[in-house]
Amino acid sequence: MRVSPGNGRTQRRGDTFTGGVWADSALPAADGVAVTTVIFEPGARTYWHRHEVGQVLHVTHGEGWLQSATGEGQPLRPGDIAHIPAGELHWHGATPASVFSHVAVSIGATEWMDAVTEDDYVNAFGRGRVVASSGPAG
Ligand code: MN
């Protein structure tokens, strides 16, 4: 039996996330690329944000949600790979009833906006879409 050590330095994420969110850095940002395993408690999610070059999410556990400010949204399940193009305003996180984790490959700077309101979050699941006007102003 052999166990390879992890880095043992899980960080709680706060300022740009709602709810309990934890992150393990797999590859610290180098040349504008960062690889991070992110764990969301049920109901936890990112703030609205956009990535300078783009982001790929590889879902590893639980049920989550990915929502674009343009109204496009879809559930995320283990094994799914989400491609988020440069500059697309969006958020991602756990459903209300499931923990959720993904490996995030983030390229370029991340521009953080407003928190996803409870109304937007609930409506995302209730109607399957968030109307564009409910995103952050500007
Ligand atoms: Mn993102």
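Please refer to the structure placed before this passage.
What this report covers is the structure whose coordinates are included nearby.

Here we come to unusual backbone geometry. Positioned with a positive phi, aspartate 31 is a non-glycine residue whose angle comes to about 55 degrees. Note on placement: aspartate 31 falls in the loop between strand 3 (21-30) and strand 4 (33-40). Using a count of 6 C-beta atoms within 10 Å as the deciding quantity, one classes aspartate 31 as exposed.

With that out of the way, let us pick up the nonpolar core. Core analysis: the largest hydrophobic core is formed by 20 residues, its most contacted members being Val21, Val38, Phe40 and Ala44. Elements supplying a minimum of two residues to this core: strand 4, strand 7 (54-62), strand 8 (64-68), strand 11 (90-94), strand 12 (100-107) and helix 1 (118-126). Residue contacts for valine 21: discarding those within four places in its chain leaves Arg13, Val38, Phe40 and Ala44.

A few words on the sheet that holds strand 7. Pairing within the open sheet is antiparallel, and its six strands lie in the order 1-3-4-12-7-10. In this open sheet, the two edge strands, each paired with only one partner strand, are strand 1 (11-13) and strand 10 (81-85). On average, adjacent strands in this sheet sit at an angle of 30 degrees to one another, irrespective of strand direction.

Moving on, we get to the environment of threonine 16. Summarising the element assignment, threonine 16 is placed in the loop between strand 1 and strand 2 (17-18). For threonine 16, a count of 15 C-beta atoms within 10 Å puts it in the partly exposed group. In this structure the C-alpha to C-alpha distance between threonine 16 and tryptophan 48, which are 32 residues apart in sequence, comes to 8.4 Å. In this structure, threonine 16 is in contact with Thr46, Tyr47, His49 and Trp112, ignoring residues within four places of it in sequence.

If you trace the backbone, alanine 104 turns up in strand 12. Placed 48 residues apart in sequence, alanine 104 and valine 56 show a C-alpha to C-alpha distance of 5.9 Å. Aside from chain neighbours lying at most four places away, what touches alanine 104 is Thr36, Val38, Gln55 and Leu57.

What counts as what
Residues numbered from 1 in each chain as written. Predicted model: local features only at pLDDT ≥ 70, side-chain atom pairs only at ≥ 80, totals over all residues. Helix = DSSP H or I, 4+ residues; strand = E, 2+ residues; numbered from the N terminus. Buried ≥ 20, exposed ≤ 12 C-beta atoms within 10 Å, placed from the backbone. Core = buried A, V, L, I, M, F, W, Y, C linked by C-beta atoms within 7 Å. Contact = placed C-beta atoms within 7 Å. Pairing = 2+ DSSP bridges. Axes fitted to C-alpha atoms, helices over the stretch in contact; angles between N-to-C directions.

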